[in-house]
Each structure stands twice: as structure tokens, then as C-alpha cells.
Amino acid sequence: MTTTTPARGRRRAPSRMERAAGRAAAFQKPRVILALLLLLALTSVMLLDGYLRSEIGNDARVRDGAAYDKVPSRILDGGPLLTFDRGTATTQSVPDRTIVLTFDDGPTATWTPQVLKVLEENDVDATFFMVGSMISRYPGVVKSLVKQGNEVGIHTFTHVDLSYQSAARLQRELKQTQLALAGAAGVTTTLFRAPYSSEIDAVDNYSWPVYQEIGDLGYTSVFVDTDSDDWKKPGVSKIVRWATPKKNKGAIVLMHDAGGDRSQTISALGTYIKKMKAKGYTFTTVSGAQAMLNGNRSGVGRQSGSAGAGASAGAGIGGTGAAQAAQHQAAGATLYEGRALVYAVAVAEWVVPALSWFLLVVGIAVMGRFGMMLVLARRHHRQRNRGRGKGGRGGGRFSWGPAVTRPVSVIVPAYNEKECIANTLRSLAKSTHPIEIVVVDDGSDDNTSEIAESLGMPNVRVVRQENAGKPAALNNGVRTARHDIVVMMDGDTVFEPDAVHQLVQPFADPEIGAVAGNAKVGNRTTLIGAWQHIEYVMGFNLDRRMYDLLRCMPTIPGAIGAFRRDAVLGIGGMSEDTLAEDTDITIALHRAGWRVVYQEHARAWTEAPGSLRQLWSQRYRWSYGTMQALWKHRKSLTDKGPSGRFGRVGMPLVVLFQIVTPVFAPLIDVFTGYSMVFVDFRAALLAWLAVLAVQLVCAAYAFRLDREKYRYLAMLPLQQLAYRQMMYLVLIHSCVTALTGGRLRWQKLKRTGEVGTPAGAGR
């Protein structure tokens, strides 16, 4: 029998989805690019943070005991200040009874401010050789340090032994530290101290060329005369004694304001300053000592509160005083690049820890979800299969109520389904339940309706309509259906003989308004098909068992679902407001007070997308449509009754586990990959394998419940590495589309018709 739904006019007005189709197509590529750029930006932030913490590009090698025969003896026997004038090396020593306090490895937010406080209380300036990565992390400390009148020097950006590094790495270490100084305090400097350096007589054949190159760039290399060895934490008295020069000589003294607990250094510093002042020593900076050597003693230090304060105030950030002569005001590109670096680091310093904590919460939630799925799925299976196959023994056989045997209507919306429609209808012809079949041809141009009619099945009606989309076709089928229960399926789906009978049994309970069936991937012999098979069994059906018991089923699959006809008509039928009409109507039924359940024994076989392009198109529509449906029904969050129950139970679960968690899941993978490469490969690999093991347990249990062959689980690790990443990108793409206000249209997937019968169910 064939009927035709007449057009209402000469030309049908386009639907909202059709009107948006042209606009949507133009926006898709930019949104994909934007989604990828967002992921790239977050990855870049992580890499920057890792570089700052010496997790990336770190070289922990330290040279010791090398020969020094190529170093001029006058350098090895010279003073701690090494400069080069037109290639000629010159050394200088600090004047007698003069102390140049220097601090290495900072700044830090904990110890550097305490050092500055002690210096200020004792009217003393010092020179701080700072690590560029630390400068960019604590720019406020550096700014205060310079403003107070202290001097800054470069201690490389990542604290590496430069004797092992290339010339390019050397240049980069210096430039990046200068940029950090410019961004933090608006200054640059010509002072340099190499990491792991000490007295000048320790210069060897490997480090000497480095100092020559640095000198040619205009830097003064600063060594030490007296090392307090405060990093050993020997106690306050030893730090003071070891930092004291002998025979009233002048000295450059080394202490640290970073690298661990510096409480002993803080305690010793004030005592040391008072002791040396009592002996008649003057404290100054490196530049101040050089000025004294050159005969200029004005503004080189602070021995009393009044004189020193004025000198430091005159120096200021610009470095105009003798005590800060090595500093210069940053300007131009250096200043702006430095500020950009500091801002980028600030973002990384906030984003990475925040993401780490957030991902920890997400990880706990995911593990909790796995646990909840296993517990509830087991309970669901035991409840619904009680007494099954045992002749009713074992606590009584589960039953929905009196058997449902009355005829039902099966609606098959079809648009250009010539490859599949015959297999679909032949499978329905074998149904063990009395049915009428309504094929709604949605304006096909490939003879779909003719093929359906040519089969000569007496219980098949073909309804033709102009192309209006799947929701309109389903609504048309519901209106023309003759029975009170309607089964909806896709035109490419094949039902098992007892699928309809199993699917409609829950309607014995008058509270049930809809039933979700068990959709299976029929074309699972390909790699893509096998991946989707794992996803269907584990992700979809295991989830549905959980949602069923929680009474918040979010989606009845379009491939196999059954509805009370009055319930569908009562909520206005299938809506065209979203691209996920199955999710939309399921939520609407919950809000109307109907119960939605999952019937695992009602199995149907569907043809999954056979290419990555088609898979992306399908999942993009699903993800975006789900977001549309959730947004459409957002008022359920504040509703009372059944609507409020779904809004406060089902909607948060869907949002958390189908949107939020997958959106941030790529970051977990990025963190894992980052940790494997830059932090601890073994620990990161073990963590990844542990998560994979949990997923494998869940998948294996899902396969057991559905009586599937376990051999497909061998593809689970590869699925995690490839397929899952694609699904994440699809969801991110959908989120970007939703946030930018875009609309999508229906995409027709190319069918092959390879899902013929459910005979190969056990493959």
C-alpha cells in the first residue's frame, strides 16, 4: 500500500535547519582550526611551564676536574672580576675592607624578600645573580629588589653548565634572561655569573672559551673570593665564619636566596653584616666595587642609613648610580618582548596548576564513573535476567507484567536507502511479533520506495513525502500508525527476529513511555568498525544500564527504540529544534513524567560509518545535537517532579561524562605524553597502563554481559591512542560550534548495505 503526503503549497518553505545549512557550511573549517588552536595553545602553555621548571631542555651535566693548561696563568691567578677589552682579558680584585655580597639562583617568593628585608634593615646593597626562569615566575620580587637599590646579574635562564652547550644555546640563555629582566623590572644588565662556578682559578679548558665569548658580548664575568657554603646548611656560625675574608682583604662573598631551605642564610646574614661593619668593612655591589677601583667612590655603597639611602634612591630602576652602573634601562623591542614573556609565564603559572587540579578531579570522577557503571550494570543485569534460563528458579523470574502480544507499528524513515532498505524490511518480515511496517520515504531520488514496494510484503505501507528531514518523517509515520505502540528504527538497521517482541514487553508497565533497545555494530570486520563496536558495547550499552536504574536515560537510539504513540503525540512529536531528535524526545518524555528503560535483549544491527570522514560527520552531529537538547531542556534543573529529577540527576551526569570529561580528556593525554617525554617515563607509562587496565576491565565486563567475543578487546589499546583522540576532537569542535552560535544540518552517510542479517552476530 502506498500513500503520499501532499505538499501544502507550490513550494515548501525551507525549515530552520535548511535555512542554516548554507551559513553553517561556511563556518565549519574555521571552527575546526579554532579547536585545534585552542589545544595547541594549551600544549604550548604546558611546554613553557615545563621549560621554566627545567623539565624540558634540562641538561644536568656538570663538568668537574678538567684540565686548565689552555687558560692563561694570569687569569687563574687574577681577581674575581673578568672583563674583555677588544679580546684582551683583564681581571680585578675587590678593594681591601670591601665586601660585595652576592646571591645566586633566585629569586624566590619565600627567601628573596626576607634577604631584602635584612639588607634594608642594615642599609646594605647586594648583587643578585638570578636565573631567568625564576625571574619570569617572580617578576614582582625582582622589581622590588631593583627599586631598593640592589644590582642584578645573569645566571642563565635554566641554570645549565654552559661548557656543555652550543653557541646557539649560550646566546639563547643570555637573551632569554635579559628579556625576563626587562619584563620584570625594566632593566638589562652586563653582569654574568656562570652556574656551578666558584673562584676564578677553577676556570678550565672547556669553560674558558665560554667566558671569552661572553666577554666579547660585553659582559663582566663575576667569580667569588669567599664561599659561605650556606647551601650545605652547616649552621649560622659556620656560615658567618666561612663568609669572612682573611687579613682584612676585600671579597666577593657568595650566598644563596633559592635552592632549598635558606632559613640559616637569613639568620646568618644580619649577624654577618654587623660583624663585618664592626671590623670597618664597606658593603657595595659589583658595579660599586668597580667604581671604587676606577677611583669613583661616590654612591657605591651604604655604610650608614642616611648616606646609603640617598645613594640608592639616586640609582633607582634606571641604574644611573655607580652601585647599579651595570644596569641599563630596557627599551624598544626588548622591553615589550620581555613583558610578553612575563605575561605568558604568568598565564602558564596559573593555568597549569589549575588544570592539574581540575584534571585530578576529572580523573577521580572518571574512575568513580567506571566503578558506578560496573556496580549498577551488574545489578541491572542480575535484576533483568533473574530466573532467565533457569525455569523460574532462583528467586522468581523477572517480569514487566502480562506479556505484550498486541500488534505494533514499526516506522522506517528512509532517505536514499536503496542499498539497505531491502535487508531492513526482510529482517522485519521474520519478526516473531505481529507488526505493521510504515516506510516513510523522505523525498528519496534513488528508488528507495520502489524497492520497498517491489518486495511485495503485505504488512508494508510506503508513505511518500517531500524531503523534510528525519524528525518530520518520523512524525508522519507516528500520525499514520495504526497501533498504540510504535517502534522507530533507521533505514539501514537490521532487527533480530525477536527484537520487536523483546522491545515492547516493558510496556506491560503503564508507567513506561519508551524503551531503548540494544544497538549493535554490524560491519565490525574493519578497524573502524571494530573500534565502534567496542564503543557501542562499552560506552553506550553499559551506560544505558546505569541510567536505567537511575531513571534518567538520556537517549533512545535511533536504530532501535519503542514509544507509546500517545506519549509521543502528547509532547508534540519529534522536534526539529535539535540535531539529536532521539535525545530531545527522550528528555521530553522524562519531563512529561514517563519512565524510559533499557531492554538489553532487543537487539538490532546497524551499519556504522565506514570511513573517518563519515565517522567525524556523524559524531559531530551527535555531539552538537546533544548539546542543543541539553540547552533546550535546561529549565529541568529548576523544575519539580519528574522533570526536576531528570534535570538534577540525569542532566549533570550527561554534562559531566559526555561533554566536560571528554572535552578535557585530551589534556590528560597531553599531560601523560608530556610526563613520559620530560618528567618520568616509567611512572607516566605505569599510570597510563593502570587507566587502560581499568577500562579493559569495564570493557570485558560489558562484553560478558552482551555475550560478545573478547577478541575485539585486543584493539582497545590502539583505540585509546587513535580513535579516542578523534572523538575528543569532534566534541571540542562541537563545543566551539555551540559557543560561536553556529548551526549544523543533517549529513547523509554513504551506505553499503553490508549489514544483511543478524546471522553473524557472534563474529
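Small disclaimer: the values here were computed from a predicted structure and weren't measured.

What to know about the overall build of the protein chain
- Scanning the protein chain for helices and strands turns up 23 helices and 21 strands.
- Here the protein chain holds 763 residues, and 55% of them are scored as buried.
- Relative to all contacts within the protein chain whose residues are 6 or more apart in sequence, the contacts with residues 24 or more apart total 80%.
- For the protein chain, the computed accessible surface area is about 32400 Å², with 56% contributed by carbon and sulfur atoms.

Focus on the confidence of the model for the protein chain
- Of the residues in the protein chain, 85% reach a pLDDT of 70 or more, and the chain-wide mean stands at 84.
- Segment residues 303–320: pLDDT under 50, and 35 contacts once partners within four positions in sequence are set aside and those in other chains are kept.
- Ignoring residues within four places in sequence, the model shows residues 757–763, a span with pLDDT below 50, making 18 contacts including any to other chains.

Overview of the pattern of salt bridges
- Applying the stated criterion across every chain yields a total of 22 salt bridges.
- Between Arg169 and Glu173 there is a salt bridge, with its nearest N and O atoms 2.8 Å apart. Of this pair, Arg169 and Glu173 both sit in helix H6 (residues 167–185), four residues apart, which is roughly one turn of the helix.
- In this structure, the salt-bridge partner of Asp577 is Lys632, at a minimum N-O distance of 3.2 Å.

Regarding the pairing of strand E5 (residues 127–130)
- Side chains of E5 alternate between two faces, with Thr127 and Phe129 and Phe128 and Met130 buried alike.
- In this sheet, E5 lies alongside strand E4 (residues 98–104) in parallel orientation, the contact comprising three bridges. Bridge assignment links Thr102 to a residue of E5, and that residue is Thr127.
- The pairing of E5 with strand E6 (residues 151–154) spans four bridges and is classified as parallel.

Overview of empty space enclosed by the protein
- By the definition in use, this model includes two cavities of 30 Å³ or more.
- Along the wall of the largest cavity there are 13 residues; nearest its centre are Leu474, Met488, Pro557, Gly558 and Met574.
- Split into classes, the residues belonging to the lining of the largest cavity amount to seven nonpolar, two polar and four charged.

A word on the side chain of Arg595
- Of note, Arg595 is situated in strand E21 (residues 595–606).
- The buried category is assigned to Arg595, whose relative accessible area is 17%.
- Excluding anything up to four places from it in sequence, Arg595 contacts Arg384, Asp509, Glu511, Ile512, Gly513, Ala514, Asp548 and Arg551.

Quick look at the packing of H6 against helix H7 (residues 208–216)
- Their axes nearest at 12 Å, the elements H6 and H7 cross at an angle of 50°. One element, H6, and the other, H7, form an angle in the oblique class. When you trace H6 past H7, the crossing you get is right-handed. Residue-level contacts link Ala167, Leu170, Gln171 and Leu174 of H6 to Val210, Glu213 and Ile214 of H7.
- The class makeup of the residues in the contact of H6 with H7 is five nonpolar, one polar and one charged.

Thoughts on unusual backbone geometry
- The omega torsion of the bond from Gly106 to Pro107 falls at 0°, within 30 degrees of zero and hence cis.
- Residue position: Pro107 is located in the loop between E4 and helix H3 (112–121).
- In this model, Asp123 sits at a positive phi of 55°, which is unusual for a non-glycine residue.
- Mapped onto the elements, Asp123 comes out in the loop between H3 and E5.
- Backbone geometry at His159 places phi at a positive 60°, although glycine is not the residue there.
- Tracing the backbone through its elements, the reader meets His159 in the loop between E6 and H6.

Quick word on the nonpolar core
- Ranked by size, the top nonpolar core spans 61 residues in total, and within it Leu101, Leu119 and Tyr272 carry the most contacts.
- Ranked by residues supplied to this core, first place goes to H6 with seven residues.
- Counting 60 residues, the second-largest nonpolar core is a separate cluster that includes Val478, Leu542, Ile585 and Phe657.

Thoughts on the pairing of strand E14 (residues 408–414)
- For E14, a buried count of seven out of seven residues is recorded, marking the element as mostly surrounded by other parts of the structure.
- Judged from the seven bridges that link them, E14 and strand E15 (residues 435–442) form a sheet pairing that is parallel. Note that in E15 the partner of Ala414 across the bridge is Asp441.
- In this view, the connection linking E14 to its parallel neighbour E15 by way of helix H13 (residues 421–429) has right-handed handedness.
- Where E14 meets strand E17 (residues 485–489), three bridges bridge the pair, whose relative direction is parallel.

What to know about the packing of helix H17 (residues 527–550) against helix H20 (residues 612–632)
- It is at 11 Å that the axes of H17 and H20 come closest, and there the two elements cross at 25°. As far as their axial angle goes, H20 and H17 are roughly parallel. Where H17 crosses over H20, the two elements pack in a sense that is right-handed. Side by side, H17 and H20 meet where Ile528, Gln532, Glu535, Tyr536 and Phe540 of the first sit next to Leu612, Leu615, Gln618, Arg619 and Trp622 of the second.
- Along the lines of polarity and charge, the residues of the contact of H17 with H20 split into six nonpolar, two polar and two charged.

A look at the packing of aromatic side chains
- Taken as a whole and judged by the stated rule, the model has five aromatic pairs.
- Their ring planes at 85° and their centres at 6.4 Å tell us that Tyr272 and Phe283 sit as a pair that is edge-to-face. One end of the pair, Tyr272, is in helix H9 (residues 263–278); the other, Phe283, is in strand E12 (residues 282–284), and 11 residues separate them in sequence.
- Here Phe398 and Trp400 contribute two aromatic rings whose centre-to-centre distance is 5.1 Å and whose plane-to-plane angle is 85°, an arrangement assigned as edge-to-face.
- One residue, Arg63, lies across the ring of Tyr206, its end atom 3.8 Å from the ring centre.
- Its guanidinium or amino end placed over the ring of Trp631, Arg634 lies 4.1 Å from that ring's centre, counting from NZ or CZ.

Observations concerning a positive patch on the surface
- A cluster of basic residues, Arg97, Lys238, Arg241, Lys275 and Lys279, forms a positive patch at the surface.
- Tracing the backbone shows Arg241 in helix H8 (residues 236–242).

Here we look at a negative patch on the surface
- Taken together, the side chains of Asp77, Glu199, Asp201 and Asp225 make up a negatively charged region of the molecular surface.
- If you trace the backbone, Asp201 turns up in the loop between strand E8 (191–192) and H7.
- The partly exposed category is assigned to Asp201, whose relative accessible area is 45%.

Observations concerning the environment of Leu174
- Relative to the elements of secondary structure, Leu174 occurs in helix H6.
- Considered as a pair, Leu174 and His155 are 19 residues apart in the sequence and their alpha carbons are 8.5 Å apart.

Looking at a nonpolar patch on the surface
- A cluster of nonpolar residues, Leu527, Met715, Leu718 and Leu721, forms a patch on the protein surface that exposes about 340 Å² of accessible area.
- Mapping Leu718 onto the fold places it in helix H23 (residues 716–739).
- Residue Leu718 is classed as partly exposed on the basis of its relative accessible area of 40%.

Observations regarding H6
- Here H6 contains 19 residues, and its C-alpha end-to-end distance of 27 Å stays within 8% of the 27 Å for a straight helix at 1.5 Å per residue.
- Positive backbone phi, at 75°, marks Gly186, one or two positions downstream of H6.

How each quantity is defined
- Residues numbered from 1 in each chain as written.
- Predicted model: local features only at pLDDT ≥ 70, side-chain atom pairs only at ≥ 80, totals over all residues.
- Heavy atoms only, no water.
- Helix = DSSP H or I, 4+ residues; strand = E, 2+ residues; numbered from the N terminus.
- Buried < 20%, exposed > 50% of the residue type's maximum accessible area, 1.4 Å probe, protein only.
- Contact = heavy atoms within 4.5 Å.
- Areas by Shrake-Rupley, 256 points an atom, 1.4 Å probe, with all protein chains shown as cover.
- pLDDT = per-residue confidence, 0-100.
- Salt bridge = Lys/Arg side-chain N within 4 Å of Asp/Glu carboxyl O.
- Pairing = 2+ DSSP bridges.
- 1 Å grid on protein atoms, 1.4 Å probe; cavity = no way out; pocket = protein on both sides within 12 Å on 5 of 7 lines; lining within 4 Å.
- Points joined across faces, edges and corners; volume = space filled by probe spheres on them.
- Nonpolar A, V, L, I, M, F, W, Y, C, P; charged D, E, K, R; others polar.
- Axes fitted to C-alpha atoms, helices over the stretch in contact; angles between N-to-C directions.
- Parallel < 35°, antiparallel > 145°, perpendicular 65-115°, else oblique.
- Left-handed = near helix turned anticlockwise from the far one by under 90°.
- Core = buried A, V, L, I, M, F, W, Y, C linked by side-chain atoms within 4.5 Å.
- Right-handed = clockwise from strand over helix to strand, strands pointing away.
- Phe/Tyr/Trp six-rings, centres within 6.5 Å; stacked < 30°, edge-to-face > 60°.
- Lys NZ or Arg CZ within 6 Å of the ring centre and 35° of its normal.
- Patch = residues over 30% accessible without salt bridge, like charges linked within 9 Å, V, L, I, M, F, W, Y side chains within 5 Å.
- Lys, Arg positive; Asp, Glu negative; His and termini not counted.
- Charge placed at Lys NZ, Arg CZ, Asp CG, Glu CD.
- Expected span 1.5 Å × (residues − 1).

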